[in-house]
Each structure stands twice: as C-alpha cells, then as structure tokens.
Amino acid sequence: MGMTITEKILAAKAGLAAVAPGRLIEAGVDLALANDITAPVSIREFGRLGAGGVFDKSKIALIPDHFTPNKDIKSAENARIVREFAREQGIIHYYEVGFAGIEHCLVPEEGLAAPGELIIGADSHTCTYGALGAFAAGVGSTDLACAMATGKVWLKVPPTLRFRLTGATRPGVSGKDVILAVVGMIGVDGALYKSMEFSGEGVANLTMDDRFTIANMAVECGAKNGVFPVDGVTREYLAGRRIAPYTEYSPDGDAEYEKTYDIDMSRVDAMVSRPHLPSNTAAASECSGVRIDQVVIGSCTNGRLSDLRKAADIIRGRRLAEGVRGIVLPGTRRIYLGALREGIAEAFVEAGFVFSPPTCGPCLGGHMGVLAKGEVCVSTTNRNFVGRMGHPESEVYLASPETAAASALAGYIRPAY
Amino acid sequence: MSAGTVFKYGDDVDTDVIIPARYLASSDPAALAAHCMEDIDPGFAGAVRPGDIIVGGRNFGCGSSREHAPLAIKASGVSCVIAATFARIFFRNAINIGLAIVECPEAAAAIRAGDRVSVDTDGGVITDHTTGGTFRAEPFPPFMREIIEYGGLVNRTRAKLNGVIG
C-alpha cells in the first residue's frame, strides 16, 4: 500500500520500511524545541530523569519568545532557567533576546527545519514547519524533556486528510484566509489526531510565507501536523539557509487518505473568525458593524516580512482610525531589519502604530497590548478563545494582515478590497 | 479507582481557559490550581474537592500545548477527566504526567453536573452512582498503559535510561 508524506517521514524516522495509521512508533527526533514558558517545565523534568546530558546539543533549540523581553520578575526567572540550562548543556541553538524572535518564524529563518525531518516542539504551533515538507508536531514539556535526553518520541501514526488546492487567491486574500476557511469548514476538531496534507496545482501559487501561515494553523483543526509537498518555492527558500542535506518526500499515487477536500482558492473571501473559536468564521464583509479598539499585526501566524509589507502597503500615508490602537509584532530580528530597510516600520509608526520588538506578547494575553474588559481586537494571530488576549470579557476577531490593516484605518471590521 | 462529584463543561474547553496565560509565569502546580478553570467557572477552584471528576464534551484541552493545564487540573485534586474526545497534545500531556483521563462519548453526554461518579481506569468502567448508569470506555493500548503504570513518562524513560526496561 502506498504512503502519504507523513507516513513516509514517520517510517523513515522509526527505521521501518512502512507504517500505517494507528501504529505506535518510537521515532528519532531531528530537532526538539521549547520556549520560555514550556522549557522551564521541561528542564525540571529533565532533571528528574537523571540523564547525564542532552542527546545532541545541536538538535535542541531554546527560544525565549513568549514573555520576553521579560515582562515581570517571574518571567525573568524563567528566562534565566532556560539561559543557564543552555549554558550548562552547551546548547548551540539558544537565542538571547535581541537575536531571538518568535520561535516559529525564527526556526525556518535560521535553517533549523528542512524537508523530511521530524521536529517536535513544546509549543502547539510547531506544526508550522510542515510548510517545508517536514513532519512537525507540538508536544508537552514532559515529552520534550524525554526527547532532550533520548532523542526519541512516541507517536501514533495518524490517518491523513488531503486538501487539494486549486486556483490562486484574489487581491486582498491570502494564506490566512485559506486556512481560516478550512478551519471554518472542518471545525476545531475536524482533523483531531490526524495529519493534514496540502497538495494540488494551487500549492504553486502560494508563497512560502502563505504556506507557513496555513501549516501554522493546522493545530486549530486539532491536527497532529500539516504538511506541504516540496517544490521550487521551498527549495528557493532553503537555498542559503540550509547547509545540511535533506530528503524530499512526495506521497505515493496509491497513498490512502481518510478523506479528500477540494478547495478552489479563487473562491475564498477575506475571512474573519469571530469570538470565541477559530472555526467561527465569516466573510470579513459580513462583519462591518463590528467596531474595534485594537489591531494586532504579527505573531507566528502572520509576523513575516511579506505579511508586514502587505499591511504597510494599505496603511502607508494614512492614519489609524480615531480611538483605535495598532500594534505590530515583527517575527524576528531579520524581519525587523527588513521592515526598517523597506520603510515598512516607518509607514506603521507614521500611521500611529506601535512597532514592537519580536515577541509573542499580546497573542496569548502576555504583554505589549493586553485587552481590557469589553474591548474588541482584530488580530492576525491564531486563537480567539475566551480570555486569550486579556480580560475574559474581551473579544478577538482573527483575520489576515490585509483585513487587519484595512480595519485599523476604518475603525470597524472590513476587507481590504 | 477514582470517585467524586462531577464538574461538567461543554465542547472545545481550551487550555487558555483551563489555565489562562496570565498565570503561566509560574509552573508551581499549587499556584496554577488556584486559577484552574477561572475564566469559564470562577467558582471551580474554591469548590473542587479531592477525588472530584471533570466531564467535558468534544476536543477537551484544545489549543496551547501548555502542560500547565493538566498540571493545574491534577493539582486541584481532580482524580479523572472524562470527555467525548481529547485534543491530542492535552491527551499526551495527561498520560505523560499521570493525570487519569477516559475517552467515552456516551458517558460525557449522559453524566450531569453534580452527579457522584466513579471510574475504574484500568477496566475502563464508569459508574454514575446518582443515576445508576454505567459506561464502558475503550482501554488504552499496552504502550500507554505502561506509561500510566510507571506513573508517567519521566519514570518510564528513567527506567529505560537505567536499563531496567528495554
């Protein structure tokens, strides 16, 4: 029987000729990742293991990004735990504030993720690297602790859902709208315990950044991972970032899919997810009565340079609507520099936005823009759960950078075009 | 065997409401337990008693991978979480830290808030003593049972590292 991309990677990493859904495997890990919230718990559990040291100091990435630059004393203590562990263990891919960035923007940028690899991270959006043709899945801190010691993780081979993409998105519509449409279509548990494999001629019309955005939100469908095939766009992205060789996998012609969805991207509207579930989607044009207090542009979902560029093109020379606060969170130092050099940062600041250092910040109600009771935010982030960005009675509408920018100027939700 | 009074919630209970991020600067289980379920059930932390049981609907524990969520539930004294389905990272985390969980859509639908319920996690039998209903859940595969029997993944991995098991 043929195999899907995910099945092929898992078989290779478990040293097996073939695997089928439902099989429990112990697989080798190419990269194990944690941040300043999850790593301290991992480090505590790692200590309990009694292992001498980590399995491979070049295959662990520790990236303080959630509550950094440290938002309070407890966060500073957590960051110190991570820093000291990295120093003791000689972790090569530890990134200090200034060189760090939002982990899921930074890891690919640094060339730490490549096709065919098995990557786990103590962060649910680790699935982002599936955009590069890797198997990448979020795990918990204990999983990560054991993987840091042994280089292995237990996994159940998931069944695969296939998403066949055709066409290209219309102006003002991008990868974010495509994945919001998918989440709305299959629901927040529509891919529970499953793999989402994106394929079809439409993939070629998606930029690398669009693919990162789409794979990033696979977890919002409950998926174990989301994965794209490798093509010229992927190889061009990897060129110059990735020195070590990698393996490209494509699905067999007779691979078995639990279900196939066909998505014509030319029919996807500018979308929003209304409070309080990512699956609660609607066309942005249907929400024009919703007045907003804050707009956030950035995050591991939409904090890449092309995201900021698209939003800046809309706001350049204009001003934020009266009473609206705007916050931009570039994903990494390189993205920040790019935004400075291209005049993107200037366009935002002139329009009245705060241009933040790279951090997860307000996405999870951490800092740099937490919401008060009753406030409404349009955000390019990934979750709009109760209390996600602040007060439990605040409201978050998820949207693309284009829609967020257009809404920031209008003072109410509206699509860009 | 777990036994206690039921706190019942709906579908898609996410880890942001199980333990809001504003408390994640701490990973001390007792400190987390003080704020468990706060954003959807402010009375939970004050009312929960050792042994009590949480019953959720579909996709319990969705969202963030924070292990602080099952840690908070466990430290609040909850002896078992029953749900129609669990989000996958929450499922792994619960198994890995030794929080008893049972996936049983029938029980999740039928059991009411305040019922007295006991769960035989080994046999997968759930009994609602208030209504007399009994439910059977699929037992875990042997590999997961081994993690549970060791009291979590750290203990099992330590045994492996020490050559106690292969």
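Residues numbered from 1 in each chain as written. Chains lettered and ligands numbered in written order. Predicted model: local features only at pLDDT ≥ 70, side-chain atom pairs only at ≥ 80, totals over all residues. Heavy atoms only, no water.

*Asks:* Looking at this structure, how should I read the overall build of chain A?
*Replies:* Regarding its fold elements, chain A presents 13 helices and 18 strands. Taking 22 Å as the expected radius of gyration for a compact globule of 417 residues, we find that chain A reaches 20 Å, a close match to that expectation. C-alpha extents for chain A along the principal axes are approximately 60 × 50 × 40 Å. Looking at chain A as a whole, 66% of its 417 residues are labelled buried. In chain A, 77% of the contacts between residues at least 6 apart in sequence involve partners at least 24 apart. (Helix = DSSP H or I, 4+ residues; strand = E, 2+ residues; numbered from the N terminus. Rg over C-alpha atoms; globule rule 2.2 N^0.38 Å. Buried < 20%, exposed > 50% of the residue type's maximum accessible area, 1.4 Å probe, protein only. Contact = heavy atoms within 4.5 Å.)

*Asks:* Would you mind showing me how to read the nonpolar core here?
*Replies:* Across soluble globular proteins, you tend to see nonpolar side chains buried next to one another. L62, M196 and F348 of chain A together with F60, I73, F90 and I101 of chain B are the most contacted members of the largest nonpolar core, which has 185 residues in total. When residues are assigned to domains, this core turns out to be shared by domain 1 (5-263) and domain 2 (273-410) of chain A, each giving three or more. With near-sequence residues (within four places) excluded, I73 of chain B lies in contact with I18, C36, I54, F60, V78, V81, F90 and L99 of chain B. One finds C80, A84, A107 and A108 of chain B within the second-largest nonpolar core, a separate group that totals 16 residues. (Core = buried A, V, L, I, M, F, W, Y, C linked by side-chain atoms within 4.5 Å. Domains from an automatic or database assignment.)

*Asks:* Looking at this structure, how should I read the pattern of salt bridges?
*Replies:* Note that side chains of opposite charge can pair when their charged atoms are close. Residue and element names in this part refer to chain A. A full pass over the atoms with the stated rule returns 32 salt bridges over all chains. For D313, the salt bridge goes to R316, with nearest N and O atoms at 3.0 Å. Residue R316 is classed as partly exposed on the basis of its relative accessible area of 40%. Put simply, R44, E45 and R48 are held in one network by salt bridges that share partners. (Salt bridge = Lys/Arg side-chain N within 4 Å of Asp/Glu carboxyl O.)

*Asks:* So what exactly am I meant to see when it comes to the sheet that holds strand 2 (residues 53-56) of chain B here?
*Replies:* Within a sheet, adjacent strands bond to each other through the backbone by hydrogen bonds, running parallel or antiparallel. Residue and element names in this part refer to chain B. In space, the seven strands of this open sheet follow the order 4-3-2-1-5-6-7, with mixed pairing throughout. The strands lining the two open edges of the sheet, one partner per strand, are strand 4 (101-103) and strand 7 (134-136). Between one strand and the next, the sheet's axes are offset by a mean angle of 25°, whatever the strand orientation. Across four bridges, strand 1 (residues 2-8) lies against strand 5 (residues 116-120) in antiparallel orientation. Opposite A3, over in strand 5, you have S118 as the bridge partner. (Pairing = 2+ DSSP bridges. Axes fitted to C-alpha atoms, helices over the stretch in contact; angles between N-to-C directions.)

*Asks:* What is the right way to read the side chain of H66 of chain A from this model?
*Replies:* All names here are of chain A. Topologically, H66 is positioned in the loop between strand 3 (60-63) and helix 3 (73-89). A residue is classified by how much of its surface remains accessible, and H66, at 9% relative accessible area, is buried. A distance of 3.3 Å separates a polar atom in the side chain of H66 from a polar atom in the side chain of D123. When near neighbours in sequence (up to four residues on either side) are disregarded, H66 contacts N35, D36, I37, E103, D123, T359, C360, G361, L364 and H367. (Polar contact = N/O pair within 3.5 Å; in protein donor to acceptor, adjacent residues only side chain to side chain.)

*Asks:* I would appreciate a short explanation of the pairing of strand 9 (residues 195-199) of chain A in the present structure.
*Replies:* Side-chain direction in a regular strand flips from residue to residue, so the side chains alternate between the two faces of the sheet. Residues and elements named next belong to chain A. Counting buried positions along strand 9 yields five of five residues, so the element is predominantly enclosed. Burial of the side chains of strand 9 extends over both faces: S195, E197 and S199 are buried on one face and M196 and F198 on the other. In this structure, strand 8 (residues 160-166) lies alongside strand 9, joined through five bridges in parallel fashion. Paired with F163 across the bridge in strand 9 is F198. In this view, the connection linking strand 8 to its parallel neighbour strand 9 by way of helix 6 (residues 175-186) has right-handed handedness. Considered for its hand, the β-α-β crossover made up of strand 9, helix 7 (residues 208-216) and strand 10 (residues 225-227) is right-handed. (Right-handed = clockwise from strand over helix to strand, strands pointing away.)

*Asks:* How should the interface of chain B and chain A be read in this particular structure?
*Replies:* You'll often see interface size given as the accessible area lost when the parts meet. With 44 residues of chain B at the interface, the matching set in chain A holds 47 residues. When chain B packs against chain A, the two sides together hide about 3800 Å² of surface, and 58% of this comes from carbon and sulfur. Connecting chain B to chain A are four salt bridges. The closest approach of N and O atoms between E26 of chain A and K160 of chain B, which form a salt bridge, is 3.0 Å. Looking at the side of chain B that touches chain A, the elements with two or more residues in it are helix 1 (15-18), helix 4 (68-75), helix 5 (88-97), helix 7 (142-149) and helix 8 (153-161) of chain B. Top element by residues in the side of chain B that touches chain A is helix 8 of chain B. It accounts for eight residues. Residue composition of the side of chain B that touches chain A, by class: 18 nonpolar, twelve polar and 14 charged. (Buried area = accessible area lost by both parts, 1.4 Å probe. Nonpolar A, V, L, I, M, F, W, Y, C, P; charged D, E, K, R; others polar.)

*Asks:* Looking at this model, I keep getting lost on the environment of D30 of chain A. Mind explaining?
*Replies:* Residue and element names in this part refer to chain A. Its place among the elements puts D30 in the loop between strand 1 (24-28) and strand 2 (31-35). Here D30 falls in the buried class, since its relative accessible area comes to 18%. On a C-alpha basis, the gap between D30 and V97 in space is 24 Å, while along the polypeptide they are 67 residues apart. D30 has contacts with K13, K59, G116, E117 and L118, leaving out every residue within four places of it along the chain. Within the structure, the side chain of D30 is placed 2.8 Å from the backbone nitrogen of L118, a separation counted as a polar contact.

*Asks:* Would you mind going over the side chain of R211 of chain A with me for this structure?
*Replies:* All names here are of chain A. Here R211 is to be found in helix 7. A distance of 3.5 Å separates a polar atom in the side chain of R211 from a polar atom in the side chain of T234. Among all residues touching R211, those that are not within four sequence positions of it are A131, V203, A204, L206, F228, P229, D231, V233 and T234.

*Asks:* Would you mind showing me how to read the domain arrangement of chain A here?
*Replies:* Residue and element names in this part refer to chain A. As assigned here, chain A comprises domain 1 (5-263) and domain 2 (273-410). Relative to domain 2, the C-alpha centre of domain 1 lies at a distance of 24 Å. A combined buried area of about 2800 Å² lies between domain 1 and domain 2, and 58% of that area is made up of carbon and sulfur atoms. Scanning the region where domain 1 abuts domain 2 turns up four salt bridges. With its nearest N and O atoms 3.9 Å apart, the salt bridge here joins D210 to K310. At the boundary of domain 1 with domain 2, the tally comes to 23 residue pairs in polar contact (both at pLDDT 80 or more). In the side of domain 1 that touches domain 2, the residues fall into 15 nonpolar, 14 polar and nine charged.

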